[in-house]
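# Breakdown of the fold
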Amino acid sequence: MSGKIAVLGAGIIGVCCAVELQRRGYDVTLIDKNAPGEETSYGNAGVIARSSIIPFNHPGLWKSLPKLMGNKSTSFRYDPTFVAANMNWTAGFLKRANLKDFNYTTQALDDLIQLSTRKHEEMASILGIADKLNRKGWLHLYRQKATFDKSKLIRNTFDKFNVATKELNSDQISNLEPDLAPIFAKGLWIQDTMSFQNPGDLVKAYAAYFTSHGGILTKAKIQNLEKSGDGYKLTLDKTTHSKNTIIVDQVVVALGPWAKTFLKKFGYRVPLVFERGYHMNFSHDKERKLNRPVYDIDGGYVLAPMSNGVRLTTGVELAQQNSSPNYSQLAAAEAGARDAFPLNKPMDSEPWLGSRPTLPDCRPIIGQAPRHNGLWLAIGHQHIGFSTGPGTASILGSLISEEASPINAEPFRAERFIT
Ligand SMILES: Cc1cc2nc3c(=O)[nH]c(=O)nc-3n(C[C@H](O)[C@H](O)[C@H](O)COP(=O)(O)OP(=O)(O)OC[C@H]3O[C@@H](n4cnc5c(N)ncnc54)[C@H](O)[C@@H]3O)c2cc1C
């Protein structure tokens, strides 16, 4: 394959796309205002989750909706003005909380996650870091048996897609994780899930592979993108890069939550909202540890072991990307996490805040922009971008090269939301 391609954004999605296109023979420039993997792809829990095939708007959402709307749950908060300003998204999101859409989306996400898991494995072994992938799975933990019982649809769906799981009682949980307090009545061990301590480092490792194979990594803020002849002209912020413009044949937009504003330049109003999430890293005594990430379903948080502590990540806060942080959800999650595991001091001077970019059907867009040949989109990866970067890249690479996609790419087409 030949031709110049610029990949905009060096999070997990952009970096994986850059590597894939480079391996297919394109001349690739990867551009980010930061070093690779320093935004959303830095702050996540690092779980490459075989089980993340369940959209948040599954049919069971209706029963929990009244409680969630109370705006006090640890797993979900919202800014009412943001929700009101995004009523179309909310209506579209709720409209899809039915069995038919659920079945379609779980099939699509299962295809994408299985493909991505294989590709993460391949890439990690090429880089010689396969031993750094934690293969001990992750645990869904339930303080109340009633919550476990309510998760039947989710567990049946795992079975349907052959996700390897094992139901645990409280003794079995303690055997697997002896340093967790015995407060969980039930657990589900998702066994075929991997995780990576310090997710930003995995992105950096993939980016280093790209540059060591001749790829160009440009640190600059992208100011503008416009059509130029048969290709595109990129304008970079002068204060961040000496070269002001780059001309390329094709462009991949992998700007995570920033894609929404960026694509308005082309008249695309992408119905993408920000499911914000916080994290704080904590130290712990050396003799205490977690062997794998754990998701306290009733507590509404994930605790994931990192190289020098544990990372507490929160659930969803629907709010404007840049509005002020509200640390009450993190405080509630911290209180719950302290019940479960002996956290010591916070290790960061202030909590991290990032945004999961989410479309109403909880599937990313992977494909060409409807009215612009050569403008490709890899956006909207909500809670699963760290898991699905390599599969996204594999689909996009095949579409750009006009080859058959490795999985059904139809569920990810841009045309379902923008024309
Ligand atoms: C709290 C939390 C926990 C999560 N846990 C998990 C998990 O365990 N597993 C999982 O699979 N997913 C998880 N996710 C989701 C995952 O982190 C995201 O889906 C994923 O990181 C999105 O990647 P991205 O490459 O699209 O975006 P990003 O990583 O945000 O990358 C976009 C890039 O674009 C760059 N950029 C933006 N604007 C410009 C500009 N004008 N010029 C130049 N560069 C620009 C940014 O600097 C950034 O590097 C979690 C998310 C959160 C918030």
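Calculation criteria
- Numbers given to residues run from 1 along each chain, matching the order in which its sequence is written.
- Under the rules for a predicted model, residues below a pLDDT of 70 receive no local features and side-chain atom pairs below 80 are neither given nor counted, while totals for whole chains, interfaces and linings still include all residues.
- Only hydrogens and water are set aside when side-chain values are computed; all heavy atoms of the structure are taken into account.
- In this scheme Phe, Tyr and Trp rings, the latter by its six-membered ring, pair at centre separations within 6.5 Å, and the angle between planes marks the pair as stacked below 30 degrees, edge-to-face above 60, and tilted otherwise.
- In DSSP terms, a helix is any run of H or I states spanning at least four residues, a strand is any run of E spanning at least two, and both are numbered starting from the N terminus.
- Relative accessible area decides the class of each residue, using a 1.4 Å probe on protein chains only: under 20% of the type maximum gives buried, over 50% gives exposed, and in between gives partly exposed.
- Two conditions define a charge located above a ring, namely a distance within 6 Å from the ring centre to NZ of Lys or CZ of Arg, and an angle within 35 degrees of the ring normal.
- The convention used is that axes are lines fitted to C-alpha atoms, helices contributing only their stretch in contact, and that angles between N-to-C directions extend from 0 to 180 degrees.
- Oblique is the label for any angle not covered by the other classes, which are roughly parallel (under 35 degrees), roughly antiparallel (over 145) and roughly perpendicular (65 to 115).
- Put simply, a crossing is left-handed when the front helix is turned counterclockwise from the back one by less than a right angle, and right-handed when it is turned clockwise.
- Here, two residues are considered to be in contact whenever any of their heavy atoms come within 4.5 Å of each other.
- Put simply, Ala, Val, Leu, Ile, Met, Phe, Trp, Tyr, Cys and Pro go in the nonpolar bin, Asp, Glu, Lys and Arg in the charged bin, and everything else, Gly too, in the polar bin.
- Following DSSP output, two strands are said to pair if at least two bridges run between them.
- UniProt positions are given in the numbering used here, feature names are shortened, and annotations may be inferred rather than shown by experiment.
- Each residue is tested against the molecule or strand, and it is near if at least one of its non-hydrogen atoms lies within 4 Å.
- In protein, a polar contact requires one atom able to donate a hydrogen and another able to accept it; more generally it is a pair of N or O atoms within 3.5 Å, and residues adjacent in sequence count only if both atoms are side-chain atoms.
- Methods summary: accessible areas were calculated by the Shrake-Rupley approach with a probe of 1.4 Å, and residue burial reflects only the protein chains presented.

Per an unreviewed UniProt entry, the protein chain goes by the name NAD(P)/FAD-dependent oxidoreductase and belongs to Kiloniella antarctica.

## Description of the packing of aromatic side chains
This structure, assessed with the given rule, holds nine aromatic pairs. Seen in terms of ring centroids, W89 and F93 are 4.6 Å apart; in terms of plane orientation they differ by 20°. Their pairing is stacked. Note that W89 and F93 are positioned in helix α5 (residues 87-95) at a spacing of four residues, about one turn of the helix. Of the two residues examined, W89 and F93, each falls in the buried class. One aromatic cluster in this structure is built from F56, F76, Y78, W89 and F93. Against the face of F148 rests R155, its NZ or CZ located 3.9 Å from the ring centre. When the ring centre of Y42 is taken as origin, the NZ or CZ atom of R311, which lies over that ring, is 5.1 Å away.

## Side note on the packing of helix α6 (residues 99-126) against helix α8 (residues 152-160)
Between α6 and α8, the least distance of the axes is 12 Å, while the angle of their chain directions is 40°. With respect to their mutual orientation, α6 and α8 come out oblique. Like other packed secondary-structure pairs, α6 and α8 cross with a definite hand, here right-handed. Residues L99, F102, N103 and T106 of α6 lie in contact with α8, whose contacting residues are L153, T157 and K160. Of the residues in the contact of α6 with α8, the class split is three nonpolar, three polar and one charged.

## Comments concerning the sheet that holds strand β13 (residues 250-253)
Reading across from one edge, β9-β2-β1-β13-β21-β20 is the order of the six strands in this open sheet, with mixed pairing throughout. Where the open sheet ends on each side, the last strands, each with one partner, are β9 (216-219) and β20 (365-368). With strand direction ignored, the average angle separating the axes of adjacent strands in the sheet is 15°. By the bridge criterion, five bridges tie strand β1 (residues 4-8) to strand β2 (residues 27-32) in an arrangement that is parallel. Within β2, the position partnered with L8 by the bridge is I31.

## Focus: the UniProt feature "domain: FAD dependent oxidoreductase" (unreviewed entry) in the protein chain
Cross-referencing UniProt, the feature "domain: FAD dependent oxidoreductase" (unreviewed entry) maps to residues 4-397 in the present numbering. Across residues 4-397 one finds 34% helix and 26% strand; the C-alpha atoms that close the span lie 14 Å apart.

## Describing the site of the ligand
Among the 31 residues in the neighbourhood of the ligand, the closest are listed as D32, T40, S41, H383 and S387. Within the side chain of D32, one N or O atom sits 2.6 Å away from an oxygen atom of the ligand. Contact between the ligand and S387: an oxygen atom at 2.7 Å from a main-chain N or O atom of the residue. When the ligand sits alone it has 1,000 Å² of accessible area, and the protein chains cover 96% of it. Taken together, the elements giving at least two residues each to the shell around the ligand come down to α1 (12-23), α2 (40-43), β19 (352-358) and α13 (385-400).

## Here's the deal with the sheet that holds strand β12 (residues 245-248)
Across the sheet, which stays open at both edges, the three strands sit in the order β10-β11-β12 with antiparallel pairing between neighbours. Of all the strands in the sheet, the pair left with one neighbour each is β10 (222-228) and β12. Adjacent strand axes in the sheet meet at a mean angle of 20°, parallel and antiparallel pairs treated alike.

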